Amino acid sequence: MLSRGAMLTHGMSKHPLLIVKPREGRRARQGAPWLFSNEIVMPAKGLEPGMMVDVKGDDGQVFGSGFFNPKSLIAVRLLGRDLGLAANEKFFTAHLTRAMALRDRLYPRPFYRLVHAEGDGLPGLVIDRFDDVLVLQVTVAGMERALPALLAALNKLIAPKTIVLRNDTPSRALEGLETYVRVEQGTAGRVAVEENGARYFADLGQGQKTGWYYDQRDNRAFIAALAKGQSVLDAYSYTGGFGLLAAKAGAKEVICLDSSEPALKLAEESAAANHASIRAVKADVFEEMERLSAQKETFGVVIADPPPFVKSRKDLEPGAKAYRKLARLAAGITAPGGLLLLASCSHNIPVDRFANECAAGIVKAGRTASLIHSAGAGADHPVHPMLPETAYLKALVYALD
Ligand code: SAH
């Protein structure tokens, strides 16, 4: 029996057909690659999470074809504007080739985010590349189903020594997917990362996310170029992305502050490998900043790149307050004439709200400042033009009076 809203075959395509409700799907009509569950006539049953479907309007307009998931608020993630598309090896080869060509124009060495989901036409997929080591993160059911085709395409195109699946993000639950970490081929462990002319270490099996945050590459270079001769506090340093580059650029003194012992250990080892010196301090950032402030210590450059304070939309108010408090504490220990970089990786707080909280915190610290730089993630984190809200990273640099 056919379920309501789903026809099993139509024309040349073998995919089930879903129909968009009358006058719905406004964003998708304008080019966005998502259809929400309330916008389509949901089939009663028969369609499994991750199946390919075709989508048309009730007026016959073709939306395209993509991954379906009845469990997700985003019911369809389009792979393209044609009906009958298949997430096969040919499809992945085409998208990966394009993604790789862009990165190879951008960076001198193969260390970058190779795939950034919808921004590269590959919903639910992130790939970070460390030369011949790839770390994948799959977050939607359709991409999980297509893994064999994706892996075949990667092996033909790049032939990586190691492929690690870091499928342990909590967001997988929204798609009804289990969480797991699997070394698909090769061995996971420590890898070298080359970025901005520095050499870092990342730990792929144990580290956070994919093991390295390529998104801050340009912001690290921006602040490091201004750090010469300065004392630098890199708060929420993780493995020293900002701090090490500042030390290498001639900072007088660099403190990397984080609560993670293994991350700090990697930061120290990376610094040694670059003949640079950093001081690793394991502490809670808020507590340590209060302590430094009580001792009237100040720094010429302060960087604060915390974990997401606004994890979901309902956390907006408490999260915004936490950003304001961090801005207040960080501004309080920035020397007169010093620079303060405040970052947020929460896509649930828009940039203007984040900037407002940062400004309020700086004022609360009794300081005046000007905003000299406002940036997002690097160009290897492309954003689908119709999904501007998926641009999650914000980095604001203030010059304090
Ligand atoms: N700036 C880093 C990325 C930061 S990720 C880079 O450039 O790579 C956020 C970091 O905050 C993680 O390393 C985590 O261990 C640390 N962290 C989380 N909560 C913390 C807290 N309360 N105090 C100190 N560090 C914290």
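Each chain carries its own residue numbering, running from 1 in the written order of its sequence. Per-residue local features of the predicted model are confined to residues with pLDDT of at least 70, and side-chain atom pairs are confined, for both listing and counting, to 80 or more; whole-chain, interface and lining totals are unaffected and use all residues. Only heavy atoms go into the side-chain values, all of them from the structure, while hydrogens and water stay out.

Caption draft 1: The site of the ligand, seen in detail. Around the ligand sit 16 residues in total, of which Arg-220, Tyr-236, Asp-258, Asp-284 and Asp-305 are the nearest. Within the backbone of Tyr-236, one N or O atom sits 2.9 Å away from a nitrogen atom of the ligand. For this analysis, a polar contact is any N or O atom pair within 3.5 Å, provided that within protein one partner can donate a hydrogen and the other can accept it, and provided that sequence-adjacent residues contribute only side-chain to side-chain pairs. At 2.6 Å, a side-chain N or O of Asp-258 approaches an oxygen atom of the ligand. In the complex, the protein chains occlude 86% of the 580 Å² of accessible area that the ligand would expose alone. Put simply, Ala, Val, Leu, Ile, Met, Phe, Trp, Tyr, Cys and Pro go in the nonpolar bin, Asp, Glu, Lys and Arg in the charged bin, and everything else, Gly too, in the polar bin. In the shell around the ligand, the residues fall into seven nonpolar, five polar and four charged. Whether a residue is near a molecule or strand is decided by its heavy atoms; if any one of them lies within 4 Å of it, the residue is near. All accessibility values rest on the Shrake-Rupley procedure with a 1.4 Å probe; residue burial counts only the protein chains present in the view.

Caption draft 2: Region of interest: the sheet that holds strand β3 (residues 52-57). Between any two strands, at least two bridges found by DSSP are needed for them to pair. Comment: elements are numbered from the N terminus, with helices defined as DSSP H or I runs of at least four residues and strands as E runs of at least two. If you walk across this open sheet you meet the five strands as β1-β3-β4-β5-β2, and the pairing is mixed. In the strand order of this sheet, the two ends are held by β1 (17-20) and β2 (34-36), each with one partner. On average, each strand axis in the sheet is inclined to that of its neighbour by 35 degrees, with strand direction left out of account. Where β1 and β3 come together, four bridges link them in parallel fashion. For Val-20, the partnering residue across the bridge sits in β3 and is Gly-57. Only C-alpha atoms enter the line fits that serve as axes; for helices the fit covers just the stretch in contact. Angles between N-to-C directions range over 0 to 180 degrees.

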